[in-house]
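Fold and contact review
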Amino acid sequence: MQRPNPDFSLKETAPHLGGGGLTGDKLTSTYDLVEQMQYLYVRVVKAKDLPGKDATGCCDPYVEVKLGNYKGMTRHFEKRSNPEWNQVFAFSKDRIQSSVIEVLVKDKDLVKDDIIGRVMFDLNDVPKRVPPDSPLAPQWYRLEDRKSDKVRGELMLAVWMGTQADEAFPEAWHSDAATVGGEGVTNIRSKVYLSPKLWYLRVNVIEAQDLLVTDKTRFPEVYVKAVLGNQALRTKISQSRNINPMWNEDMMFVAAEPFEEHLVLSVEDRVAPNKDEVLGKCVIPLQNVARRLDHKPVLTKWFNLEKHILVDGEKKKDNKFASRLHLRICLDGGYHVLDESTHYSSDLRPTAKPLWKQSIGVLELGILTANGLLPMKTKDGRGTTDAYCVAKYGQKWIRTRTIIDCPTPKWNEQYTWEVFDPCTVITIGVFDNCHLQGGDKSAGAKDSRIGKVRIRLSTLETDRVYTHSYPLLVLQPSGLKKMGEIQLAVRFTCSSLLNMMHIYSQPLLPKMHYLHPLSVTQLENLRHQACQIVSMRLSRAEPPLRKEVVEYMLDVDSHMWSMRRSRANFFRIMGVLSSLVAVVKWFSQICNWKNPLTTVLIHILFIILVLYPELILPTIFLYLFLIGVWYFRWRPRNPSHMDTRLSHAENVHPDELDEEFDTFPTSRPSDMVRMRYDRLRSVAGRIQTVVGDLATQGERFQSLLSWRDPRASTLFITFCLIAAIVLYVTPFRVVALLTGFYVLRHPRFRHKLPSAPLNFFRRLPARTDSMI
């Protein structure tokens, strides 16, 4: 078997987390998963009584903070002697090349800026401040000239030494990014974003009454068209060809709070093959729509249809129109609105907050450093990378600050999420910032993908800190490429072990997904709309989380056809079936007396089980228990990561890569070939999904005893032990009778929700986490 490339594998690291617990240095537990970084902070608050420097007796003041070769400046005010800036400057201690910090108050001038005065500080006298200490109070300082004589004017300042845990850190000007100015500064700061709250909007179109058709000599072909933002759906043409048509059809949309668009319903008549006539419209604000938390029916309502007529080019309402539309409309809060790939979901809660269950723990992520990042763009004739990280779990997105022009950036930022289900995945992506100029200068530029990491929480042991270096792998048309490595520290803390174990018996999705299930095609269409809404809303934040970033994190193109993925899924199935083949081969060897001693022992065991059939089930469960205990010593010690061999990404054929990165629809010249090729890709994509799902089920069986999910394996082998004991003391005939009665029980005793064993099985990890 070919050995995996060590460059593509996970590496355990030993970073100096939390500053190493230095004596006399208080460290908060919120920053114990990252290396401590020391910064010199200068907060410039305001000035007063500044003297005038120009002919008018006024000044245009600004402040320059100077430390060695680094220089930070506040904005300037015109003709103001008492300006207020309230800006913070942060200088990395690792790059400090001076023992004195100089704060200069200057007057902006066209030719040369005049110095109004200055304040000097010796770095040895600067106090240390570590949260949760309160912020250092700023003080007034008299300005001095070059000869250290007092001059007119005072400056309010605060100077202190701190770490990245300081509250001033996210909004501060950083010496590391001194070359970035203007609007570009907002694009390099760390931020936290929240996904919009998504709802499924269900519109049940029942019937219409008293429609006014233009041509009364023909039977109308009426349908209803519904539009919400950029989503448009329509019913079938009503079978009742009259002015009172009936449909009773459901349409589903994705809506996001705050509701900005209205639902527009129009009743239209197909008067010709390519011509539709609008018979009436109604506009429904989503704020007025009922919110449903369960499967109880919603009351129907009649809506008046209004017909607009054109008068001198303007739309006016025809008040004589009296047609009505009968609807049942609601916002379904009992579903979880999928916006991520179903294989890598980070949140499975329903939309409605009253249906949320108590959190089971906390996920903490320390984004430490990256190493060996490849140049992503050219600047001044040389390659450069301006890297930042984005992490997504649940509705919370985080974005680290951008480290300018550095192949080995050090972020050392720590973030926390509440966990409601261990069977979820956190995704961390690394990107190159192409918007440092800000405004129109970066228009049309897209932030480049450097790579991403996925970690499934159920594969993590509780209260253990995982420190690993993850390879950043990207599949390109030229083949698989390693873009660098990112070093992370991850800790999953459980608040209640019993609650978490109980979660394994619960349905994976909210009840509504089982009581009123949505079709696979419907879910895919709704997920596409949800992704569009999330990317649009986050791109409107400041600074924006751009569309290309959001789509990459949400795996928008995961459903696209790929010969490589299909072959990888096929070999996943073969890997699962190889265990069954091995058992068959072993049994064949027993029958052929390859090992006489083993064959004799099997004969003795067979005779015992035939004479005492009640020992069959206890023996099987006891055997599974012993296997599970035996495999405990080889349980995985590291979180799973993308496996290049499993994904068949290392030695993929160039022609297959060309097909995988081909546009959809294809760019082939012939229309007929394009039609057939697209149809083949669409069908093959669904087959690929089915094959992947089959492989997933088999891998979940394997994970019962593999300890990939330590809690699930503990539950299973404990169940095996208890089952072995119970079945040992219970007569086999009783067990068989009860089992038969349970399987053949009446439908009234059956529940629509999945059983606890099935819920437990669906939560088991599969190797989809390691797929690229």
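Quick caveat: nothing in here was measured; it's all calculated off a predicted structure.

Tallying secondary structure elements over the chain gives 12 helices and 32 strands in all. On the principal axes, the C-alpha backbone points of the chain span a range of 105 × 90 × 55 Å. Scored against the burial criterion, the 772 residues of the chain give a buried share of 47%. Long-range pairs, those at least 24 residues apart, make up 72% of the contacts in the chain with a sequence separation of at least 6. Per element, the accessible surface of the chain, about 40,000 Å² overall, is 57% carbon and sulfur. Across the chain, the centroid of the 103 positively charged side chains sits 6 Å from that of the 85 negatively charged ones.

On inspection of all chains with the given rule, the structure shows zero disulfides. C423 carries a free sulfur, and the closest cysteine sulfur to it, the one in C494, is 15 Å from it. Classification of C423 by relative accessible area gives buried; the value is 9%.

Helix length check: helix α10 (residues 710-729), at 20 residues, gives a terminal C-alpha distance of 29 Å against a target of 28 Å (1.5 Å per residue), a fit within 8%. All of the buried residues in α10 are P710, R711, A712, S713, F716, I717, C720, A723, A724 and L727.

The omega torsion across E257 and P258 is -5°, close enough to zero to call that bond cis. As for its placement among the helices and strands, P258 is situated in the loop between β15 (246-256) and β16 (263-272). A positive phi angle is found at D210, which is not glycine, with a value near 55°. Along the polypeptide, D210 turns up in the loop between β12 (198-209) and β13 (222-228). Despite not being glycine, D463 has its phi angle at roughly 65°, a positive value.

The description of an aromatic ring pair uses the distance of the two centres, along with the angle that the planes make with each other. Applying the stated rule across the entire model yields 19 aromatic pairs. Both rings, one in Y39 and one in Y41, keep their centres 6.2 Å apart while their planes meet at 45°; by these two values the pair is tilted. With a centroid separation of 5.7 Å and an interplanar angle of 85°, the aromatic rings of F431 and Y552 are classed as edge-to-face. With F431 in strand β29 (residues 425-432) and Y552 in helix α4 (residues 547-553), this residue pair connects regions lying 121 residues apart in the sequence. Residue F431 is classed as buried on the basis of its relative accessible area of 0%. Clustering of aromatic rings is evident, with ring pairs tying together Y39, Y41, W160 and F169. Its guanidinium or amino end placed over the ring of F632, R635 lies 3.9 Å from that ring's centre, counting from NZ or CZ.

The five strands lie next to each other as β11-β27-β26-β29-β30, forming an open sheet whose pairing is antiparallel. Strand pairing shows two members of the sheet lacking a second neighbour, β11 (191-194) and β30 (448-456), which therefore form its edges. The sheet shows a mean angle of 20° between the axes of neighbouring strands, direction not considered. Two strands pair when backbone bridges link them, and β29 and β30 are joined in this way by eight bridges, in the antiparallel orientation. Bridge pairing links I428 to V453 in β30.

Attention now moves to the environment of V267. Mapped onto the elements, V267 comes out in strand β16. Taking the relative accessible area as the measure of exposure, V267 reaches 0% and is therefore buried. When the C-alpha positions of V267 and M246 are compared, they lie 12 Å apart, and in sequence the two are 21 residues distant.

The next subject is the confidence of the model for the chain. Here the chain shows a mean pLDDT of 85. Residues at 70 or above account for 91%. Within the model, the stretch residues 21-29 combines pLDDT values under 50 with 14 contacts to residues more than four positions away or in other chains.

This part covers the nonpolar core. Among the nonpolar cores identified, the biggest contains 64 residues, and L365, W397, W417, I426, I455, I486 and L488 are the most heavily contacted of them. Among all residues touching I455, those that are not within four sequence positions of it are T424, V425, I426, I428, L460, Y470, L488, V490 and P639. Among the nonpolar cores identified, the runner-up in size contains 30 residues, and L201, V213, M251 and I329 belong to it.

Parameters at a glance
Residues numbered from 1 in each chain as written. Predicted model: local features only at pLDDT ≥ 70, side-chain atom pairs only at ≥ 80, totals over all residues. Heavy atoms only, no water. Helix = DSSP H or I, 4+ residues; strand = E, 2+ residues; numbered from the N terminus. Buried < 20%, exposed > 50% of the residue type's maximum accessible area, 1.4 Å probe, protein only. Contact = heavy atoms within 4.5 Å. Areas by Shrake-Rupley, 256 points an atom, 1.4 Å probe, with all protein chains shown as cover. Lys, Arg positive; Asp, Glu negative; His and termini not counted. Charge placed at Lys NZ, Arg CZ, Asp CG, Glu CD. Disulfide = S-S within 2.5 Å. Expected span 1.5 Å × (residues − 1). Phe/Tyr/Trp six-rings, centres within 6.5 Å; stacked < 30°, edge-to-face > 60°. Lys NZ or Arg CZ within 6 Å of the ring centre and 35° of its normal. Pairing = 2+ DSSP bridges. Axes fitted to C-alpha atoms, helices over the stretch in contact; angles between N-to-C directions. pLDDT = per-residue confidence, 0-100. Core = buried A, V, L, I, M, F, W, Y, C linked by side-chain atoms within 4.5 Å.

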